[in-house]
Amino acid sequence: MDSEVGPLRTVLLHRPGNELKRLTPRNNDQLLFDGVPWVGRAQEEHDAFAATLTSKGVEVLLLADVLVQALEDNRARIAGVHSAVNERRLGIDLADALRSHLTSLDAPQLAQVLMTGMTFEEMPAAEGASLVRKMHLPIDFAVDPLPNLLFTRDSSVWVGDRVAITSLALPARDRETTLTDLIYAYHPRFRRTGRAYGAHSAPLEGGDVLLLAPGVIAIGVGERTTPAGAESFARSALADGLAHTVLAVPIEQERATMHLDTVCTMVDRDAVVMYPAIRHTLTAFPLRSDGNGGVRVDGPVPFLEAAAEAMGIERLRVIDTGLDTVTAEREQWDDGNNTLAVGPGLVVAYERNVETNARLEDAGVEVLRIAGSELGSGRGGPRCMSCPIDRAPLV
């Protein structure tokens, strides 16, 4: 896969599950949601999203299904159990008891715990006294839930025929990459897939990675991806011949612009939808091979000019979010920039971003509208909720 807009063949989604039912007004901020979603409606909206993709010939893989299939391999089960049990939180004795319990579960049951978490009152009864149990509320989490699994974009990125497992920045998302990693390592379909990025210790999230064109990658650097994460990924991609130019793009370190794809996404071979407030100030640091096994870092230079030059086009067409300053700010917050390209000039977008969608259509981009009143409570749109695994090459 070498672009954001090549015809989409296969995508990984996660249908909202019981992990969202763990969200309360007490914990939703800690778990990175702006509200407590109506889970049944979120599932209906997600089903419609998946059906929209299927209707366009896209193969939709659901994370829960492939996780269960991967967990049929005992090595995956060991990795999953290891990731779920926090000995520092539980202490040695209770951690051992929890490991023993999780090891006894079958693949579907274990997958549910890994995604949904487990409270202290849900843990099996154990012999003997436990200070850890006594000093936690029954509804406290012994295993944290993963409500942000909905956003499959962040924990892995496909470049060419390889997958990069990322490193998520915030504690609430720590275990997501472990589940993604074991899926790609042990699911029969992906077992022979090469890795594009080995050293994933520095924070890097998939929402910050845009494949602008064959050989050209943009990486946002802000709240979730650090300069070290961007540089590590860039060096790996350049060394492996997966890119000739990587653009490191500084963005504001705040929740409204947590990833590059919250302010800019590709909608056609030569076009992006972009938040107009940053159009003239967005810069980039181009990284290229120095020809001696190292990397040359230039810039900063204007992002749009650097992108067009690297892509080999005269200019990158820009379609503004919204209609005026206030509408643009509202629709950027509501993921108006966070479109998923199904093919060149064909995107999925939230229906509520009326003005942005109208601008896209005026520019010749077909918009497949989906509802997102509940899906958007975690601050993510169609691109955030999808990890493209395979796209046809651009011709």
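For clarity, every value in this text was computed on a predicted model and none was experimentally measured.

A. Up close: the overall build of the protein chain. Across its full length, the protein chain holds 11 helices and 20 strands. Relative to the compact-globule value of 21 Å for 395 residues, the protein chain shows a C-alpha radius of gyration of 21 Å, a close match. Seen through its C-alpha atoms, the protein chain measures out along the principal axes to roughly 70 × 50 × 35 Å. By the burial criterion, 58% of the 395 residues in the protein chain qualify as buried. Per element, the accessible surface of the protein chain, about 16200 Å² overall, is 50% carbon and sulfur. Averaged over its 38 positive side-chain charges, the protein chain has a centre that lies 3 Å from the centre of its 54 negative ones.

B. Just unusual backbone geometry, in detail. Cis peptide bonds are those with omega within 30 degrees of zero, and the linkage from Gly299 to Pro300 qualifies with 10°. Its place among the elements puts Pro300 in the loop between β14 (295-297) and β15 (301-302).

C. Structural detail: the nonpolar core. In this structure, Leu71, Leu102, Leu182, Tyr184, Ile217 and Phe233 are the most contacted members of the largest nonpolar core, which totals 64 residues. By residue number, the principal contributor to this core is helix α5 (residues 107-116), which donates 6 residues. The contacts of Tyr184, once residues within four sequence positions are left out, are Leu12, Ser156, Trp158, Val163, Ile165, Phe190, Arg191, Arg195, Cys387 and Ile389. Membership of the second largest hydrophobic core comes to 38 residues, among which are Leu210, Val272, Met311 and Val318.

D. Region of the structure containing helix α1 (residues 39-55). Taking 1.5 Å per residue as the helical rise, α1 with its 17 residues ought to reach 24 Å, and the 24 Å between its terminal C-alpha atoms agrees with that figure. Val39, Ala42, Gln43, Glu45, His46, Phe49, Ala50, Thr52 and Leu53 are the residues of α1 that are buried. Of the surrounding secondary structure, the elements contacted by the buried residues of α1 are β1 (8-13), β2 (59-62), β17 (340-343), β18 (346-350) and β19 (366-370). Backbone geometry just after α1 places Gly57 at a positive phi near 85°.

E. Here's a closer look at the sheet that holds strand β11 (residues 264-268). Strand order in the open sheet formed by 3 strands is β11-β12-β16, with mixed pairing between adjacent strands. Pairing within the sheet leaves two strands with one partner each, and these edge strands are β11 and β16 (317-320). Within this sheet the neighbouring strands show an average axis-to-axis angle of 35°, counted without direction. Bridge count for strand β12 (residues 271-274) against β16 is 4 bridges, and the pairing is parallel. Along β16, the bridge assignment pairs Ala271 with Arg317. The strands touched by helix α11 (residues 354-362) are β11, β12 and β16; relative to β16, the strand with the most contacts, the crossing angle is about 150°.

F. Expanded view of the sheet that holds strand β20 (residues 387-391). With mixed pairing, 3 strands are arranged side by side in an open sheet as β2-β1-β20. Taken across any chain shown, the strands that pair with only one partner, and hence form the sheet edges, are β2 and β20. Mean inter-strand twist for the sheet, computed between neighbouring axes without regard to direction, equals 20°. Here helix α2 (residues 63-70) sits on the sheet in contact with β1 and β2, set at roughly 60° to β2.

G. Molecular detail of the pattern of salt bridges. One pass over the full model with this rule turns up 24 salt bridges. In this structure, the salt-bridge partner of Asp96 is Arg99, at a minimum N-O distance of 2.8 Å. With a gap of 3 residues between them, Asp96 and Arg99 both fall in helix α4 (residues 87-103), about one helical turn apart. Take Asp96: its relative accessible area is 40%, and that puts it in the partly exposed class.

What counts, and at which threshold
- Residues numbered from 1 in each chain as written.
- Predicted model: local features only at pLDDT ≥ 70, side-chain atom pairs only at ≥ 80, totals over all residues.
- Heavy atoms only, no water.
- Helix = DSSP H or I, 4+ residues; strand = E, 2+ residues; numbered from the N terminus.
- Rg over C-alpha atoms; globule rule 2.2 N^0.38 Å.
- Buried < 20%, exposed > 50% of the residue type's maximum accessible area, 1.4 Å probe, protein only.
- Areas by Shrake-Rupley, 256 points an atom, 1.4 Å probe, with all protein chains shown as cover.
- Lys, Arg positive; Asp, Glu negative; His and termini not counted.
- Charge placed at Lys NZ, Arg CZ, Asp CG, Glu CD.
- Core = buried A, V, L, I, M, F, W, Y, C linked by side-chain atoms within 4.5 Å.
- Contact = heavy atoms within 4.5 Å.
- Expected span 1.5 Å × (residues − 1).
- Pairing = 2+ DSSP bridges.
- Axes fitted to C-alpha atoms, helices over the stretch in contact; angles between N-to-C directions.
- Salt bridge = Lys/Arg side-chain N within 4 Å of Asp/Glu carboxyl O.

These values are about where atoms sit, not about what they do.
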